[in-house]
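Breakdown of the fold
Next come the chains, spelled out residue by residue.
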Amino acid sequence: MWIPTEHEKYGVVLASFRGTLQHGLSLEIGDTVQILEKCEGWYRGFVLKNPNAKGIFPASYIHLKNAQIKNKGQFETVIPTEDAVITEMTSTLRDWGAMWKQLYVKNEGDLFHRLWHVMNEILDLRRQVLVGHLTHDRMKDVKQHITARLDWGNEQLGLDLVPRKNFSMVDPDDISVTELYKLMEHRHRKKETPVPVSTHHLFVHMKSLMSSNLGEELEVFFYIYDSRECRPLSERFFVRLNKQGVPKSPEKTERQCTLFVDLGSSDLRKDVYIVVHIIRIGRMGAGEKKNVCSVQYRRPFGCAVVSIADLLTADSKDDHLLKVYTCNTESDWYQIHDNIIRKVNSRYNLSGSNTGLAVSLQLLHGDIEQIRREYMALFTRGVSITNKLGFSEVIMPGEMRNDLYITLERGEFEKGGKSVARNVEVTVYVLDSSGQMLKNYVCAGSGEPGGDEYHSFVLYHNNSPRWMEQIKLPIPVDMFRGSHVRFEFRHCSTKEKGEKKLFGFSFVPLMQEDGRTLPDGTHELIIHKCEENANLQDSARYLKLPFSKGNLPGNNQAAKSTKESLWITSFLCSTKLTQNGDMLDLLKWRAHPERINDSLTKLKEIDGSEIVKFLQDTLDTLFGILDENSQRYGLKVFDCLVHIINLLQDSKFQHFKPVMDTYIESHFAGALSYRDLIKVLKWYVDRIVDAEHQEHIQQVLKATEYIFKYIIQSRRLFSLATGGQNEEEFRCCVHELFMSIRFFLSQESKGVSPVTQTQAVFLRTFPAVYCELLKIFSVREVATFVRETLGSLPVLMHADCPLEAVKLQCIAKTVESQLYTNPESRCILLPVVLRHLQAHMQEQRDVVMCARILSSMFSLIRKDSADIAASEEVAMIVESLLSVLLRTILEITNRPQPAGTALRLQYQDVTGEFVACLLALLRQMTDKHFQQLLERFSTKDDLRDFLLQIFTVFRILIRPEMFPKDWTVMRLVTNNVIITTVLYLSDALRKNFLNEKFDYKVWDSYFFLSVLFINQPCLQLEGFSPSKRKKVLEKYGDMRVMMGCEIFSMWQNLGEHKLNFIPAMIGPFLEVTLVPQPDLRNVMIPIFHDMMDWEQRRSGNFKQVEAKLIDKLDSLMSDGKGDETYRELFNSIIPLFGPYPSLLKKIERETWRESGISLIATVTRLMERLLDYRDCMKLGEVDGKKIGCTVSLLNFYKTELNKEEMYIRYIHKLYDLHLKAQNYTEASYTLLLYDELLEWSERPLREFLNYPMQSEWQRKEYLHLTIIQNFDRGKCWENGIILCRELADQYEAYYDYRNLSKMRMMEASLYDKIMDQQRLEPEFFRVGFYGKKFPFFLRNKEFVCRGHDYERLEAFQQRMLNEFPHAIAMQHVNQPDDTIFQADAQYLQIYAVSPIPETQDVLQRDGVPDNIKSFYKVNHIWRFRYDRPFHKGAKDKENEFKSLWVERTTLTLIQSLPGISRWFEVDKREVIEMSPLENAIEVMENKNTQLRTLISQCQARQMHNINPLTMCLNGVIDAAVNGGLTRYQEAFFVKDYIANHPEDGEKIGRLRELMFEQAHILEYGLAVHEKFVPQDMRPLHKKLVDQFHLMKSSLGIQEFPPYVRASPVHFTNGSPRTCRNSVPNAISPEGARVVARRSPLSYPAVNRYSSSSLSSQASNEVSNITGQSESSDEVFNMQPSPSTSSLSSNHSASPNVTSSAPSSARGSPLLSDKHKHSRENSCLSPRDRPCSAVFPNPLDPSQRVLPHQIGDNSLPRSDPNLSTPEKVVNPTPSSWSLDSAKEANTQLSDTVGKLVSPPVPPRPPYPGSPARKLRSLSPVPAPRSPQKNAVPPFTPSPTECQSAGLVSNSPALSGSYSSGISSLSRCSVSETSGIEAAPGEPALTTSVSSGSDELIRRENKTPPPYSVYERTNPRRPVPLPHSLSVPPSAEPPALPPKPHQLRTGKGEPFPRPRPLPRKVSQL
């Protein structure tokens, strides 16, 4: 049976449990569980991280832990009772664990590893804490370390700052808001700014001396030297080096390392140096021979210096190599360091270039205890301490030092009968009173132990040596009396013996007879002469002698006049001994009572360090004098006491305050002193107002605190001794004292008067008195004292008065004092504190101090304090300070922030403190307080102003910048207070500002605040971790829902006033509904229905609501708000229209419902696109998905919403995406959308996006230039040319010739690029996106995509799969079924498609270079084709061609490619099936075209390698021999097939023609191949020829039929450009006949030989292969007359010519017409706009064409979509300078009205240039034209108006339709052609071919195959037909477009969407 657990509530999982049994709960090791029930070794409960999943688990898997239970019962929660730090560590490490793994995923390796180390460190520390074996101090250190690590990790991971108190997390409910703010601020500041330290230490590690001339032991001395004052600052550090220059005792680190301690901040400056002196131990001269002398001398070696300031930049121990210098003369050794510092180069030089001292130096900061903790290894390993000379800046009471420092300055010695000066050595000894030597008390420096004696260094032959050597004598205090120092002087001989001879001595006693020590300073000592054998052991004998010349009596002139002296400097650093006689006199006052007065007077002159040494003795002395003779010495003793008290205020001695406190508590015995102290203090206070000099009085008042301590302690001692006698007298004295104080405080004075300064001094010390008074007086009495004292102060003074700030400081200390914490005293003090605070805050004075006072006040009021006294306090504060607090916050936050960092931090602190105070106050307010507050407002205006004020302040409080971003705890507390307050105030809003009292401003402020509140980032719980979300919900709930309910409630109360907020509140409320909180959305969305309802009532529609809704939706969704659920929820508005019958009374149900549903449907569709857009934009790189999504949204705004501004914004977003992806062509098309909205007008446009304020003309010009630039970068130069022209027209119209010139040059450069630069033809791919998982704009749609350069199908497929990583690639090309469409997945179907160019005429035209054609093949493509072969019926295994059908799918797009995107949706899909016969025809046509192209390229020398032609010939001939063509014959030429398919007769004929044609092409191709084939491939060529004969045999061709011979097919190089003499005939009217082209699939049916047997197109296309191409150079040689242009043709000219000709034949209108039609001329405009119009030249009536011939002159120049009868050409005869032009004009005269456009004769080529050389630019020939001329071939130049093929209907040629073989020769113009002129016609003038071609042909042993046939079967001469001109009803050919012209939308076989009517944009 399951029993609820009592104590077993909480545990940790010890081992993982799978939970596979019924009701089992899966557990992982380390999980924490809450246990609900137990039963026979099993528990039932849940894991804390997932409380919803409950189950059972074994009890043995759980380790139970103690826990507290809250809300016992069904909703109980458990809190573990373990250490709070442990709890925090556990939860924090869990949160870090998940984030740590994410760091690895995001590749943030550095933080990943650092966090890993910190987590391990925390786990290790956690184990130490859990074990519980740590000491209290160690536990404190460990917890501090843990919290520091936790804070570091939280900061690195962007987690919240945790407020802590004593290392434990703080619950915000348990402390006041101000206290919480202080904790947060403290942790934030601690994180930001380290506290500056004032104490520093220098670590020195001596490593080695590097020098080439070593060989003697060395002594190295380090000390710190102040070069400004020329004195050492520290003792010396002494290191002995061996002969190798390294320390002698390497194992003893304390002898190599030292710490120079207690350096002050003032010591870290540039002129403070580390000085190093090096002394060698050895011979007198460094260069002397060895073993000359056995005695060792100390001799100068070298010196080095380094500035301490250089070490400030070093973060760690840096090794330094110091340069070592020597002095030039030994006598300057004492000042060598000064010379080096001052750079007196003449007195020193380097001891050697390779000499250096290697030391390690490091500055450490902080007090010595902190250094011991942080650098523990230093002290454990061993380091000597080198003290500062004298005391440190701060003297500690327990410090013990007794060091006497003696410096050997200099000596003066006589020669002593010698011819040279002496070598003097001084030996120093310390002896006691009995003459015994004191052992180990002579120290050369720290680092080495003390010795018995000290030897100075020796200066060579110097009777006036200067040593400047410092030694330390650490003699104990008890040995000081009677001890003396003796100095012995010896002459050091340099002879062989090297003996030292004593010749004198000096001595100095350490203490005088009166107890004073040797005074600090320089002493000149007498040198007493003696011999070597003199007995100095008996010190008593010489101690009676004088020791110093300064102490000699006046009659001892003999001693004074002696020249020999020793100068020393002594300095005592002792905490026990004094050198001051006055101090000793005071302490011995009883021995000399007459000196008391003088001693008391001189006490003020004694150094402070001397006083604090004997502090207790001095105080005893003073109070002893006061007790014995208070009348006489009372005032002086009081002054001395004040002096000592104020001495302890000094920072140097402040640490002695505890010594004085201890003295007062434990040693003070002056029980009667209080009377005298009170009396004297009152006497001083009473004199304040009248005294002229206030300085002394101010000194007295500074000491008030300790004077009161002495008074109170004295009174307590008296009470204890007497049992409380004279209590009333004492109280009366204190009251009188305070009356005097109040009187002097109440004095007001203008300006800064002495009295004001005295008042300020007193107020600074006054709060310290409270605690002392409380020792005797009650709390209420002391509070009354303080209240009356503070009350006596004036409330406000003038702004400059220093008392203002001091007064507030006094109040602040009062509020922070122990007195104020007592509720009993607080109610007495609060009114006076509030009075002063209110006055200051109203005047905005000293706001920093006001904030501090308020913080302290509120920190005492707990959240849960519910007693009456606390409630009254809150009521008082609310009444006094709430309004002024709100105003202060408003004024502070509206001020500009100060510039300085420190000031800005202070500003932020003040703002935060005031905010915390306001929150604390509001949190304490109850219903009663709010009720009282609202009742106090007498008028509605006052209440209105208050509500507006508090709402504004709340809006400020929830700004993101109010608190640092990681202060989530503080923000949640703030929001909790705000929502609680708003709930109280909303009642006041309803009661006072509704109906006739409605106030829009207050309500608007309320709604604005509510919306801001809900949208705060810190309340969006969805972004929090689960644990954090759970904590917030448990503590505060979801405050967004609470505020949303309040908004809904308030909205419902508005009634008809709702109209005031429509449409203004639509945006804000929409923003609220986008918060992903279901409950909040359910509450808020009905408000929109209400808005539509009221808007419908007011205006009959809700257009305003709709417009605002859509605008706001876009901006909010773009910011990342909203989700899929929201769209579904928004749809729920639709059914809400039903339940409101009141709505339906005014409006018909259908109308209302339809308009409502329409709005929601529009909004939903917009949201679908916006959601897709937002999701796509979250991705990193620009891909097709982003671009496609933006295009979808852009089109939606244009077509469905007609939102022009949004449309333009998204145009620019799309443009930026294209630029980023380097899609320059697409970027141009995109920007063109905006360009088209603008006109060439001067209308001013406002600043918009990145455009400045400018005219519409300027913006359009800028857009044109930008688009041209991008077209250029995208190699879409043809499109750029059109824009260049349009812009040039504008410049020309404004006579801006400078820019016109630039534009023409730019246009020319684009033409050059077309001809010169290589362009890659992209591939196109069809992509189908199937399945519901795709974004809306892709779902179940198919697109055609333009691939990138060099991108093939496999690469494209991979790219698409990378963009959609979850997609499945479909492996077939069949259309998917509904199951795929509706699948919850993503399917991609991709295959390549072929473009179907729209501009066929350019591609079919002869002589157009490939560079030009390539553009039209892949640009402006609407349709794409995909062929799928399949077999219908039974497959014939022997001949599969019989059943091989082709399914041809044609895809039509909604827009042409390229466009504003790289892919467009398929608009229409057409599927047709091609029969096997049609398939065979197409295969043959394609192969023939390929052959002709290769042959043409080979002849034009465009092929560097003949291999492609070889392979193609081999492939065709080999396939034909092996059954290729035979299979066609077997399949389609058999009787059965013809009988079964009578309708295919024409097609069978067509196939037969193509087969013969192919044979003919192959024959000529072999001839060409023979000319160019290399020698090593001759055998292959021979094989091909043999196989070709077999092929002809298999086709049954022995000789070509007559129709083949009659109409030879000529290639391009049969052009009349090489046949100049044929021009006159060629210009005959018959030669000008124009025939329409047909597409390759619409060949005329030719199955009979009566009229024709092969299409003329076939023959002419073969001529395209062999004929010479037209060179663009020839085009440039033509000289058009000024009046007309040669460009009036329907041929495509060279782009350079075509685009620049202003001919009327080109359809160019007048200038005015140009302006009129400039917009229509754009090829880049929407599809329904024509490219251009064709205009007749109004100046020449003869050039006009009859209306029935021309048709509509508004048609575009060329539109391949127009049917043939619709296309006309304006005939424009050109006049040329050649004579032939005249003939042309005469021949044309009788055919006006019939001719469409006459041919133009070409100019001859450059002299001496063979024409054949000009064919090098011939491109691959275009596809075939349907018919060709049978007359001698004449290929017009690209500048002529006709098509190259002119058809003859000559009877002589009927029945002999050319197969396209015979025309491979130049029979029409050469001797081999065999063509004769008809007798009745003018004879054709034959022309001679280019000489070199003819020579080659004649030399060729194997003539072309057709020549054999023609010689054997000569054609009979046929007269030219009379009528070669086209009858009026004939179809004129389509005009080929210019290179720049694009496809327009006229005559399209299917409807395409029209663009919106152009609007002039307002942007």
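Residues numbered from 1 in each chain as written. Predicted model: local features only at pLDDT ≥ 70, side-chain atom pairs only at ≥ 80, totals over all residues. Heavy atoms only, no water.

1. A closer look at the overall build of the protein
Check the secondary structure of the protein and you find 69 helices and 40 strands. By the burial criterion, 56% of the 1963 residues in the protein qualify as buried. Residue pairs in contact within the protein that sit at least 24 positions apart in sequence constitute 74% of those at least 6 positions apart. Entry remark: accessible area of the protein is about 86100 Å², with carbon and sulfur atoms responsible for 52%. (Helix = DSSP H or I, 4+ residues; strand = E, 2+ residues; numbered from the N terminus. Buried < 20%, exposed > 50% of the residue type's maximum accessible area, 1.4 Å probe, protein only. Contact = heavy atoms within 4.5 Å. Areas by Shrake-Rupley, 256 points an atom, 1.4 Å probe, with all protein chains shown as cover.)

2. Overview of the sheet that holds strand E31 (residues 565–574)
Sheet architecture is open: four strands sit in the order E26-E23-E31-E29, paired in antiparallel fashion. Of all strands in the sheet, those bounded by a partner on one side alone are strand E26 (466–473) and strand E29 (521–526). Across the sheet, the mean angle from the axis of one strand to that of its neighbour is 25 degrees, orientation sign disregarded. (Pairing = 2+ DSSP bridges. Axes fitted to C-alpha atoms, helices over the stretch in contact; angles between N-to-C directions.)

3. Notes on the packing of aromatic side chains
Under the definition given, this model contains 69 aromatic pairs. Each ring, one from Phe623 and one from Tyr710, has its centre 5.0 Å from the other, and the planes form 40 degrees; the classification is tilted. On the criterion of sequence distance, the pair formed by Phe623 in helix H14 (residues 615–628) and Tyr710 in helix H19 (residues 704–722) is long-range, its members being 87 residues apart. Comparing Phe623 with Tyr710, the two get one shared label, buried. Taken together, a centroid distance of 6.2 Å and an interplanar angle of 85 degrees make the contact between Phe998 and Phe1061 edge-to-face. Of this pair, Phe998 sits in the loop between helix H32 (968–992) and helix H33 (1000–1014) while Phe1061 sits in the loop between helix H35 (1039–1054) and helix H36 (1066–1073), placing them 63 residues apart in sequence. (Phe/Tyr/Trp six-rings, centres within 6.5 Å; stacked < 30°, edge-to-face > 60°.)

4. Quick notes on the packing of H32 against helix H34 (residues 1026–1036)
The description of two helices packed together rests on the angle between their axes and the distance between the axes. Contact pair H32 / H34: the axes reach a minimum separation of 12 Å and the direction vectors enclose 30 degrees. Our classification of the angle between H32 and H34 gives roughly parallel. Regarding H32 and H34, the two cross each other, and that crossing is right-handed. Along the contact surface, H32 presents Thr968, Leu972, Val973 and Asn976, while H34 presents Lys1028, Val1032 and Tyr1036. Looking at the contact of H32 with H34 residue by residue, the class counts come to four nonpolar, two polar and one charged. (Parallel < 35°, antiparallel > 145°, perpendicular 65-115°, else oblique. Left-handed = near helix turned anticlockwise from the far one by under 90°. Nonpolar A, V, L, I, M, F, W, Y, C, P; charged D, E, K, R; others polar.)

5. Overview of the pairing of strand E24 (residues 424–431)
For E24, the buried fraction is high: eight of the eight residues fall into the buried class. Burial along E24 is two-sided: the residues Val424, Val426, Val428 and Val430 and Glu425, Thr427, Tyr429 and Leu431 are all buried. Bridge analysis of E24 against strand E27 (residues 484–492) gives eight bridges, and the strand direction is antiparallel. Bridge pairing in E27 links Thr427 to Glu488.

6. Quick notes on the side chain of His277
When you line up the elements, His277 lands in strand E16 (residues 272–282). Assessed through its relative accessible area of 9%, His277 is described here as buried. For His277, the side chain forms a polar contact with the side chain of His337, separated by 3.2 Å. Contact partners of His277, with chain neighbours within four places excluded, come to Glu219, Val220, Phe221, Tyr223, Gly302, Cys303, Trp333, Ile336 and His337. (Polar contact = N/O pair within 3.5 Å; in protein donor to acceptor, adjacent residues only side chain to side chain.)

7. Re the sheet that holds strand E30 (residues 528–529)
Judged by pairing direction, the sheet is antiparallel, and its five strands sit side by side in the order E25-E24-E27-E28-E30 without closing on themselves. Looking at strand neighbours, the two that pair on one side only are strand E25 (453–455) and E30, the edges of this open sheet. The pairing of E24 with E25 spans three bridges and is antiparallel. Looking across to E25, one finds that Thr427 is bridged to His455.

8. Quick word on H19
Given 3.6 residues to a turn, an α-helix orients residues that are three or four positions apart in the same direction. With 19 residues, H19 should cover 27 Å at 1.5 Å per step; its first-to-last C-alpha distance of 26 Å lies within 8% of that length. Remark: Gly723 follows H19 within two positions and exhibits a positive phi of approximately 75 degrees. (Expected span 1.5 Å × (residues − 1).)

9. Looking at the pattern of salt bridges
Evaluated as defined, the whole model comprises 86 salt bridges. A salt bridge links Glu219 to Arg298; the shortest N-O distance between them is 2.8 Å. One end of the pair, Glu219, is in strand E12 (residues 217–226); the other, Arg298, is in strand E17 (residues 297–307), with 79 residues separating them in the sequence. According to the relative accessible area criterion, Arg298 is buried, its value standing at 8%. Arg228 is the salt-bridge partner of Asp271, the closest N and O atoms lying 3.0 Å from each other. With Asp271 in the loop between strand E15 (257–264) and E16 and Arg228 in the loop between E12 and strand E13 (231–232), this pair connects stretches of sequence that are 43 residues apart. (Salt bridge = Lys/Arg side-chain N within 4 Å of Asp/Glu carboxyl O.)

10. Quick notes on the nonpolar core
Nonpolar side chains tend toward joint burial in soluble globular proteins. Residues Tyr710, Met857, Phe914, Phe1007 and Phe1069 are the most contacted members of the largest nonpolar core, which totals 294 residues. Among all residues touching Met857, those that are not within four sequence positions of it are Val815, Tyr820, Leu830, Val833, Leu834, Leu837 and Ile877. Judged by nonpolar contacts, the second largest core, of 58 residues, contains Tyr273, Val426, Leu459 and Phe547. (Core = buried A, V, L, I, M, F, W, Y, C linked by side-chain atoms within 4.5 Å.)

11. Thoughts on the environment of Gln1389
Summarising the element assignment, Gln1389 is placed in strand E37 (residues 1387–1396). Note: C-alpha distance between Gln1389 and Gln1357 (32 residues apart in sequence) is 9.2 Å. Other than its neighbours up to four places away in sequence, Gln1389 contacts Arg1326, Val1327, Gly1328, Tyr1330, Met1370, His1372, Val1373, Asn1374, Gln1375 and Pro1376. Only 2.7 Å separates the side chain of Gln1389 from the backbone oxygen of Asn1374, close enough to count as a polar contact.

12. Considerations on the confidence of the model for the protein
Parts of the prediction with low pLDDT should not have their coordinates interpreted in detail. A residue-level look at the protein finds 75% of positions with pLDDT of 70 or above and a mean pLDDT of 76. The model gives residues 1132–1150 a pLDDT under 50, and that stretch makes 29 contacts with residues more than four places away or in other chains. Contacts from residues 1602–1963, a stretch scored under 50 in pLDDT, to residues over four places away or in other chains number 838 contacts. (pLDDT = per-residue confidence, 0-100.)

13. Details of unusual backbone geometry
A cis amide bond links Ile1062 to the next residue, Pro1063, at an omega of 5 degrees. Among the secondary structure elements, Pro1063 is positioned in the loop between H35 and H36. Between Leu1457 and the following residue, Pro1458, the backbone shows a cis peptide bond with an omega angle of -5 degrees. The residue Pro1458 is located in the loop between strand E39 (1444–1457) and strand E40 (1463–1474) in this model. One non-glycine residue with positive phi stands out, namely Tyr1295, at about 55 degrees. Mapped onto the elements, Tyr1295 comes out in the loop between helix H48 (1277–1293) and helix H49 (1297–1316). The backbone of His1420 shows a phi angle near 55 degrees, a positive value even though the residue is not glycine. Relative to the helices and strands, His1420 is located in the loop between helix H53 (1410–1418) and strand E38 (1421–1431).

14. Overview of the side chain of Glu425
Considering the arrangement of structural elements, one finds Glu425 in strand E24. At 3.5 Å, the side chain of Glu425 and the side chain of His455 are in polar contact. Looking at Glu425, its side chain comes within polar contact range of the side chain of Lys500, at 3.1 Å. The residues touching Glu425, leaving out its near neighbours within four places in the chain, are His455, Ser456, Val458, Glu488, Phe489, Arg490, Cys492 and Lys500.

15. Some details on the environment of Arg687
Residue placement: Arg687 occurs in the loop between helix H17 (673–686) and helix H18 (695–702). Among the residues examined, Arg687 registers a relative accessible area of 34% and is labelled partly exposed. For the pair Arg687 and Ile697, spaced 10 residues apart in sequence, the C-alpha separation works out to 8.5 Å.

16. Some points on the environment of Ile644
Relative to the helices and strands, Ile644 resides in helix H15 (residues 630–647). The spatial distance from the C-alpha of Ile644 to the C-alpha of Leu615 is 8.5 Å, given a sequence separation of 29 residues.

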